[in-house]
Amino acid sequence: MANSMIPIVDLSPFLRQGDEDGKRKVREVIDEASSLYGFFQIINHGVPLDLMSRALKLSKTFFVSSVEEKMKCSPLPGLPFPAGYNRKPNPSYEFAEFLVMLQPGSNFNVFPANHPQLRAVMEDLFDQFVKIGAILESILSETLGLPPRTLQEFNNERNSDVLTALYYLPATVKEKIGISSHRDVGCITFVLQDEVGGLEVQKDGKWIPVTPKEGALVVNIGIILQVLTNNKYKSPNHRVVRPNGRSRNSFSFFYNVSGEKWVEPLPNFTKQIAEKPKYKGFLYSDYLQKRKENKLKRTSGLEDDLGLSYFSLTV
């Protein structure tokens, strides 16, 4: 595997009967990519290509509408999660607009009234990502040498998943960062990016572009999987660089765990192989609180782990 290229994995062997050799090869590539990069792309994943295309097109139509129209679907006041339209215009280091959606049917969700098709497409996309999330969890369990349903049984509640449509204006002379360097919470993140690109992952101190491929989804290992595997799988720093002369839009789906889930390194990666745990156990909600506190203190685009070090047992 080349050090400068994020691998593209064909998942079709897992969506049809038989082809055990094809499945074995897929598991080998995913295992290596998850250990080295924490990133890979998947094709032939089962999410309809026309749905992906319509989602990108409709979200862009929404984001280029007037600020007044977008602000009509701002998050409802007093709710614990900012579902709806948000913007992060911070000239010091990043700029992005985003439309956040929780589970279809959630009372927290706020959609633009003038874009009814966008709601339908996002709800459909949400359901499709849930399906592919279950498939990936099964594959990752096997690549880790665990029983096939280990991760699905650990992450067995779907009430914390989040779908976000994102939009970035072209880079300016002074600033090009859309979202600064960070690592994702949860188990797995799926990214649907348009052809413009801009997503980059850090490896050995260098930034590697995740080059868009038509029909592909980016898979990003989250912090929870890093903790469960005691750092066998990596949740890497990544960022979005705003393109020159073009806007960029994408979708991120966060396949999360419940806030009250207890998280600690699995014995398969500690006691059973005589390895010391690298993290103390914690409630996922406690980690999210520490992450929130650290983000509030953050005043620049400097890299940090946004709270994970609080639970680390290593110096």
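None of the values given here were measured: they were computed from a predicted structure.

## Thoughts on the pairing of strand 12 (residues 248-255)
Summarising burial for strand 12: seven of the eight residues are buried, a large majority. With seven bridges connecting them, strand 5 (residues 162-168) and strand 12 associate as antiparallel partners. Within strand 12, the position partnered with Thr 164 by the bridge is Ser 252. Looking at chain direction, strand 7 (residues 188-193) and strand 12 are connected through six bridges and run antiparallel. When the bridges of strand 12 are listed, Ile 188 appears paired with Tyr 255.

## Quick word on the UniProt feature "domain: Fe2OG dioxygenase" (unreviewed entry) in the protein
The UniProt record annotates "domain: Fe2OG dioxygenase" (unreviewed entry) at residues 159-257. The span residues 159-257 is 6% helix and 45% strand, and its two end C-alpha atoms sit 8 Å from each other.

## Comments concerning the packing of aromatic side chains
Tallied over the full model, the rule gives twelve aromatic pairs. Their ring planes at 25 degrees and their centres at 6.4 Å tell us that Tyr 284 and Tyr 287 sit as a pair that is stacked. On the criterion of helical spacing, the pair formed by Tyr 284 and Tyr 287 is a turn pair, its members being three residues apart in helix 7 (residues 284-297). On the basis of relative accessibility, which here comes to 3%, the residue Tyr 284 falls in the buried class. Judged by its relative accessible area of 0%, Tyr 287 falls in the buried class. Feature note: the residues Phe 126, Phe 129, Phe 190, Phe 253 and Tyr 255 constitute an aromatic cluster, connected by ring pairs.

## Concerning the pattern of salt bridges
Considering all chains together, one arrives at 14 salt bridges under this definition. A salt bridge links Arg 158 to Asp 161; the shortest N-O distance between them is 2.6 Å. Judged on exposure class, the residue Arg 158 and its partner Asp 161 are both buried. Residues participating in the shared-partner salt-bridge network are Asp 21, Arg 24, Lys 25 and Glu 28.

## Some points on the sheet that holds strand 7
Backbone hydrogen bonds are what pair the strands of a sheet, in a parallel or an antiparallel way. Strand order across the open sheet formed by eight strands is 1-2-10-7-12-5-4-3, with mixed pairing between neighbours. If you trace the sheet from one side to the other, it starts and ends with strand 1 (8-10) and strand 3 (84-87), each paired once. The sheet shows a mean angle of 25 degrees between the axes of neighbouring strands, taken without regard to direction. Helix 2 (residues 49-63) contacts strand 3, strand 4 (97-101), strand 5, strand 7, strand 10 (217-221) and strand 12 of the sheet and is inclined by roughly 115 degrees relative to strand 12.

## As for unusual backbone geometry
Positive phi is not limited to glycine here, since Asp 19 has a value of about 55 degrees. Its place among the elements puts Asp 19 in the loop between strand 1 and helix 1 (20-36).

Rules used throughout
Residues numbered from 1 in each chain as written. Predicted model: local features only at pLDDT ≥ 70, side-chain atom pairs only at ≥ 80, totals over all residues. Heavy atoms only, no water. Buried < 20%, exposed > 50% of the residue type's maximum accessible area, 1.4 Å probe, protein only. Helix = DSSP H or I, 4+ residues; strand = E, 2+ residues; numbered from the N terminus. Pairing = 2+ DSSP bridges. UniProt positions renumbered as here; feature names shortened; annotations may be inferred. Phe/Tyr/Trp six-rings, centres within 6.5 Å; stacked < 30°, edge-to-face > 60°. Salt bridge = Lys/Arg side-chain N within 4 Å of Asp/Glu carboxyl O. Axes fitted to C-alpha atoms, helices over the stretch in contact; angles between N-to-C directions. Contact = heavy atoms within 4.5 Å.

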